[in-house]
Structure formats: structure tokens, C-alpha cells
Amino acid sequence: MVDKDLLSIQEARALVHSARSAQNEFAQLSQERVDSIVKAIAEAATKQATELAQLAVEETGFGKVEDKTTKNRLASEKLYQAIKDVKTIGVINNDIAKKIIEIAVPTGVIAGIVPSTNPTSTTIYKSLISLKSGNAIVFTPHPSASKCIGKTVTLIRETLRSCGVSEDMVSVMNIPTIEGSGELMRKVDLILATGGPGMVKAAYSSGTPALGVGAGNVPVYIERTADINDAVTKIMASKTFDNGTICASEQAIITDKVIDAQVRATLKAQGGYFLQGSEIDNVKRVMERPNGSMNPAIVGRDAKYIADLAGITVPSDTRLLIGEESGVGPAYPFSKEKLTALIGYYTVEDWNEACELSIKLLHNGGVGHSLAIHSKDESVICAFGLKKPVSRMLVNTPSTHGAVGLSTNLFPSFTLGCGAIGGSSTSDNVTPEHLFDIRRVAYDTEELSLSYSNNAPTNDTDVTSTEGSVDVDMITKMIINELKKMS
């Protein structure tokens, strides 16, 4: 009898060992060489964006092929444009005035945790930022998405091989178990954790440094000065993008009572369906499991699928099911995160009440993540920006697209930090610059030369002489030349 857990643990150890050997060689390459490899992988992934999207939808049942294709392109094409000129190898900065040289030091081997909701795009993204910063990465895939993740890794490994470097810079576990993933997280140097709360918690509890994410329960406030049609159009585009599988998608609409009728009418005109009477109860029954967690059967599904599952009839053009809620918390399912075509709806008197409600919603499973607002009143926007417990506030833009960098200038990312308040070690969209340490070579400033002189034994040497001072620029050139010799 074969013990699957033991096989998984052994596989994790073997993959890390091979990755570490490959990374030791890769770390000797120049910035130019690394950049050429990253470019080749980005181009290969872009060419296969649609095929990988199809595989992901077929295997997981989540989302839409066209939207997963867009995510794959974001993780390859757009990401490459964002990182191609970033210095990540060797000397990355030389401050002649301060006499400090900064040298990038790769972390080493990274563990990449990949969710089933964004499997191929997350694999591409994490591979590129890891390689760009000189690191190897070993993936532990979600079991329900192992085939499409494996295919993505195979594509990347083939490209690495064609570039003349070890394919072991990127690898994936073929026998992913909880025990094997745990061993992987203990053996690597850093964990990039994207996935469910349990896996992210395990990453932070492993004893290995980790960059993780938090849950998203994104409120979106349509304030009375907003362009209502524009706001609703963007919310609908965002919430239905890949059937709501990105954690930055809107989870509850808040709007002022004075514009409530207009907002409702616009939502209905664009495919929003307000659940009524027993319909709400029917949908609530399929939203959650008995323990209150999200029902995986509805994740990444469209509105018609959920309606059929709940046994209700909706118009054929329905894009989003809307549930009005009167409160926030465990007893109010529409106040929670819903990675699918469901959204909550609240009305308030004014922006002050919207502020309070937004904070309650965020603390109901999304604190530290994101918030969206549609408004033309800069004073209200500023008030929200100053007070809300989020890492990114998205203004007059689709929350999904804005948070991951599709419709804003935020860094293109599928690992969105939630800051300390959200249990994350960063509040940033994670970039290659989070994946290396900086060694600082700092030279004496000679500001204390006089005190050295006063305390030193008397002799014929003039210790305040600057004839032997260091030429920092020359030292930098020497370091760069040594790095070139190693590549």
C-alpha cells in the first residue's frame, strides 16, 4: 500500500532540492539575461492565454473563458510591461551623495500557493515576478485545478529550457496533499500565499516568511453626485467579470436614498434582478453550507445557474442577482463575500451613514482589502480615503479591474496584500521588489573624523586626511564588473 501523504512530502523535498540547485546557478545571471528569459515566458504565456483559460474553465467549472483569457494576458503581457525596466539583479541603486550602494539579494526558493478561482493567471504571475527577482518557485496547486496549473507550469518549463536555463526554476507538485504542502512551506525561503483563509493561515503558521492575502468583502458606494449610469455599468462589468471569482469584486452596493429609484432602474436595465419574497430565502439556502461558509457549488457561476439551483425563474438576460439586506453579520448572507453573481444592496441617508455601513461590511470578512466609491464630490472621496480600513480605495472605476491594475495604475497583481489590519505582511499589490532583500554597502561619511582625531593616540598620521577616501562610483563599477564575470 502506498502512503500518498509520504509521497507528497518526499516530492516536496525533492522539488525544493532541485529548485535550490537551479536557483544557485540562475542567481549568477546578469539583469539583461534574466530580463530576456522573463520576456520569453511572458510572450509564450500570452500566446497560450486563451487555451489556458479554456483548460481552467473546463477543469474547475468557474468563470468565463474570455475573462480568464484577459486575466492571463494581465499576468503576462501587462505584467511584463510593468516590470521590464525594473532593476532586480545585482546593483540596483548607487547613491553617490550618501555613499550607499544597494545590491539585490534573491530570496531563494519560493512556494507558490495557487487558488482554483484564478489558477493559470496566478501561476503565470507568480512565476514571472519570482524569476524577475532571481528566485525559483515551486507550486502547490489546488487539487481541483491541478491539470490547468500543471499545463501552465509545463509551458513555462519548456520556455526556460529553450532559453538555456534549468527548467527546475519553476516546478509544481504532482501529488498535492495538506501534508506535502506543509512540508513544502517549511522547506522554502518564502511563501506567496493566494487562496482560502485556511491555506493562508497555514502559510503564516509554517515558520517560513510569507506574503499572503486576506478575504475581500468589498463595499461599493454610489454617492448622490455620481454618474449613475456610468457607476452601474462599471459595477456590473466588474461583478460579472469571470463570474465574480476575483476577491476584489464588489460584494454589496450602498446608495443614497435620494437616488435609490434611479440606481434600481439602471441596475434592472442592465441585467440586475432584485430578488423578492421567497426568492431571497431560496437563494440564501444555496449560498452557504451549514457552517456558514460559502457554498463551493455557486462559486464562479452565472446568475442563471444560481437561479436554477435555487429553483427560481429569472429573465433570460439576467446578469446579477441582487439581495436587499437589513443588517450585517452571520445572519445576513448577502453582507458576506460572494465570489459569484450575487450582490447585496443597502440604502442610506447620506455619506456619513455610508461610511459607518462600509466599515461594518469590511469588518465582516474583508477588512484591509478594498473599497470602491462612485462620486464627483472630492470632499466625500477624501473622507472615505482617510478613514476606511482598506489597502486600496478605487474611485469611479470597476473594483475588480481597478484593484488588479487593469483599469488603474496600480501594479498588475494577483496577490493583493491587506496590511496588518487584514492579517497580511504587506498592504501592497505584490511585485518582484517584494521578493528580494537589499544588501546596503555604506561608507564612512567622515562627519565624525574630528571626534576620531580627538580620541586617537597622538602620532604623525593625520587621521583627518581625505586622501584615502573611497570613490563610491568606482566601487560600484567594480561590483558590476564582478557580477558580469559570474554571468
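Since this is a predicted model, take the numbers as computed values, not measurements.

Analysis parameters
In this numbering scheme, every chain counts its residues from 1 along its sequence in written order. With the structure being a predicted model, the display of local features is reserved for residues of pLDDT at least 70 and the display and counting of side-chain atom pairs for 80 or more, all residues being used for whole-chain, interface and lining totals. To get the side-chain values, all heavy atoms of the structure are used, and hydrogens and water are removed first. Secondary structure elements follow DSSP: runs of H or I no shorter than four residues count as helices, runs of E no shorter than two count as strands, and numbering proceeds from the N terminus. Throughout, exposure labels follow a simple rule: accessible area from a 1.4 Å probe, protein chains only, divided by the maximum for the residue type, with under 20% read as buried, over 50% as exposed, and the rest as partly exposed. By definition in these notes, contact holds between two residues if any of their heavy atoms fall within 4.5 Å. Residue burial considers only the protein chains on display, and all accessible areas are found by Shrake-Rupley using a 1.4 Å probe. Neither His nor the chain ends is counted toward charge; the positive residues are Lys and Arg and the negative residues Asp and Glu. Just so you know, the charge point we use is NZ for Lys, CZ for Arg, CG for Asp and CD for Glu. Any helix carries an expected span of 1.5 Å times its number of residues minus one. This arc is built from the directions going out from the helix axis to the C-beta atoms. A 3.5 Å cut-off defines polar contacts: any pair of N or O atoms within that distance qualifies, except that in protein one atom must be a possible hydrogen donor and the other a possible acceptor, and neighbouring residues in sequence count only when both atoms are side-chain atoms. When a carboxyl oxygen of Asp or Glu is within 4 Å of a side-chain nitrogen of Lys or Arg, the pair counts as a salt bridge. Note on method: axes are straight lines fitted to C-alpha atoms, helices fitted across the in-contact stretch only, with angles between N-to-C directions ranging 0 to 180 degrees. Note on terminology: angles under 35 degrees are roughly parallel, angles over 145 are roughly antiparallel, angles of 65 to 115 are roughly perpendicular, and the others are oblique. Handedness of a crossing follows from how the near helix is turned relative to the far one, being left-handed for an anticlockwise turn of less than a right angle and right-handed for a clockwise one. Here the nonpolar group is Ala, Val, Leu, Ile, Met, Phe, Trp, Tyr, Cys and Pro; Asp, Glu, Lys and Arg are the charged ones; every other residue, Gly included, is treated as polar. Working definition: a ring pair exists when centres of Phe, Tyr or Trp rings (six-membered ring for Trp) sit within 6.5 Å. Plane angles under 30 degrees give stacked, over 60 give edge-to-face, the rest tilted. Summary of the metric used: pLDDT quantifies the predictor's per-residue confidence within the range 0 to 100. A pair of strands counts as paired when DSSP detects no fewer than two bridges linking them. The term nonpolar core refers to a set of buried residues drawn from Ala, Val, Leu, Ile, Met, Phe, Trp, Tyr and Cys, joined through side-chain atoms within 4.5 Å.

Draft legend 1. Geometry of the overall build of the chain. Summing up its helical and strand segments, the chain has 17 helices and 15 strands in all. Seen along its three principal axes, the alpha-carbon backbone of the chain occupies a region of about 95 × 65 × 35 Å. Per-residue burial over the chain gives 54% buried out of 487 residues. Restricting to contacts in the chain with at least 6 residues of sequence separation, those with at least 24 account for 72%. When the accessible surface of the chain is totalled, it reaches about 21,000 Å², and 51% of it is carbon and sulfur. Side-chain charges in the chain split into 48 positive and 56 negative, and the spacing between the mean points of these groups amounts to 5 Å.

Draft legend 2. View of helix H9 (residues 228-239). With 12 residues, H9 should reach 16 Å at 1.5 Å per residue; the first-to-last C-alpha distance of 16 Å fits that figure. Considered for burial, the residues of H9 that qualify are Ile228, Ala231, Val232, Ile235, Met236, Ser238 and Lys239. The buried residues of H9 occupy one face: seen down the axis, they fall within an arc of 165 degrees. Taking the backbone nitrogen of Asn229 as reference, a side-chain oxygen 3.4 Å away marks Asp227 as the first, capping residue of H9.

Draft legend 3. View of the pattern of salt bridges. By the definition in use, this model includes 21 salt bridges. In this structure, Lys84 and Asp85 form a salt bridge, with 3.1 Å as the shortest nitrogen-oxygen distance. A residue is classified by how much of its surface remains accessible, and Lys84, at 27% relative accessible area, is partly exposed. Notably, a salt bridge pairs Glu325 with Lys284, separated by 3.5 Å at the nearest N-O pair. With Glu325 in the loop between strand S11 (320-324) and strand S12 (342-348) and Lys284 in helix H11 (residues 278-287), this pair connects stretches of sequence that are 41 residues apart. Overall, the relative accessible area of 10% leaves Glu325 in the buried class.

Draft legend 4. Seen up close, the packing of helix H13 (residues 351-362) against helix H14 (residues 378-387). The N-to-C vectors of H13 and H14 enclose an angle of 25 degrees; their axes lie 11 Å apart at closest approach. Between H13 and H14, the interaxial angle falls into the category roughly parallel. As H13 runs across H14, the sense of the crossing is right-handed. Here Trp351, Ala354, Cys355 and Ser358 of H13 come into contact with H14, specifically with Val380, Ala383 and Phe384. The class makeup of the residues in the contact of H13 with H14 is 6 nonpolar, 1 polar and no charged.

Draft legend 5. Molecular detail of the packing of aromatic side chains. Counted under the stated rule, the structure contains 3 aromatic pairs. With a centroid separation of 5.4 Å and 15 degrees between ring planes, the pair formed by Tyr221 and Phe384 is classed as stacked. Of this pair, Tyr221 sits in strand S8 (residues 218-222) while Phe384 sits in helix H14, and the two are 163 residues apart along the sequence. In this structure Tyr221 comes out as buried when scored by relative accessible area, which is 1%. Plain terms: the ring middles of Phe274 and Tyr345 are 5.2 Å apart, the flat faces sit at 80 degrees to each other, and that makes the pair edge-to-face. In this pair, Phe274 sits in strand S10 (residues 272-274) while Tyr345 sits in strand S12, placing the two residues 71 residues apart along the sequence. Each of the two residues, Phe274 as well as Tyr345, counts as buried.

Draft legend 6. Expanded view of the confidence of the model for the chain. Per-residue confidence for the chain gives a mean pLDDT of 92; residues scoring 70 or more make up 92%. Considering only residues more than four positions removed or in separate chains, one finds that residues 461-469, a stretch of pLDDT under 50, has 5 contacts.

Draft legend 7. Molecular detail of the sheet that holds strand S1 (residues 90-95). Spatially, 3 strands are ordered S1-S2-S15 in an open sheet, and the strand pairing comes out antiparallel. Bordering the open sheet on either side are S1 and strand S15 (436-442), each of which pairs with just one other strand. Across the sheet, the mean angle separating the axes of adjacent strands is 25 degrees when strand polarity is ignored. Here S1 runs beside strand S2 (residues 100-106); their pairing, made up of 5 bridges, is antiparallel. From the neighbouring strand, Asn94 faces S2, where its bridge partner is Ile101.

Draft legend 8. The nonpolar core, seen in detail. Counting residues in hydrophobic clusters, the biggest one holds 107 residues, and the most contacted among them are Leu160, Ile191, Ile222 and Leu267. A per-element tally of this core places helix H2 (residues 31-47) first, with 7 residues. In this structure, Leu267 is in contact with Val232, Met236, Ile253, Gly272, Phe274, Ile322 and Tyr345, ignoring residues within four places of it in sequence. Of all hydrophobic cores here, the second largest spans 15 residues; its members include Tyr346, Leu357, Leu371 and Ile373.

Draft legend 9. Local environment of the side chain of Thr255. Locating Thr255 in the fold gives a position in strand S9 (residues 250-256). Of the residues examined, Thr255 reaches a relative accessible area of 0% and is grouped as buried. Residue contacts for Thr255: discarding those within four places in its chain leaves Tyr221, Ile222, Asp260, Val263, Tyr345, Tyr346, Thr347 and Val348.

Draft legend 10. The packing of H2 against helix H4 (residues 65-83), seen in detail. Their axes nearest at 8 Å, the elements H2 and H4 cross at an angle of 150 degrees. In this view, H2 runs roughly antiparallel relative to H4, as classed from their interaxial angle. Between H2 and H4 lies a crossing of left-handed hand. Residue-level contacts link Asp35, Val38, Lys39, Ala42, Ala45 and Thr46 of H2 to Arg73, Ser76, Glu77, Tyr80 and Ile83 of H4.

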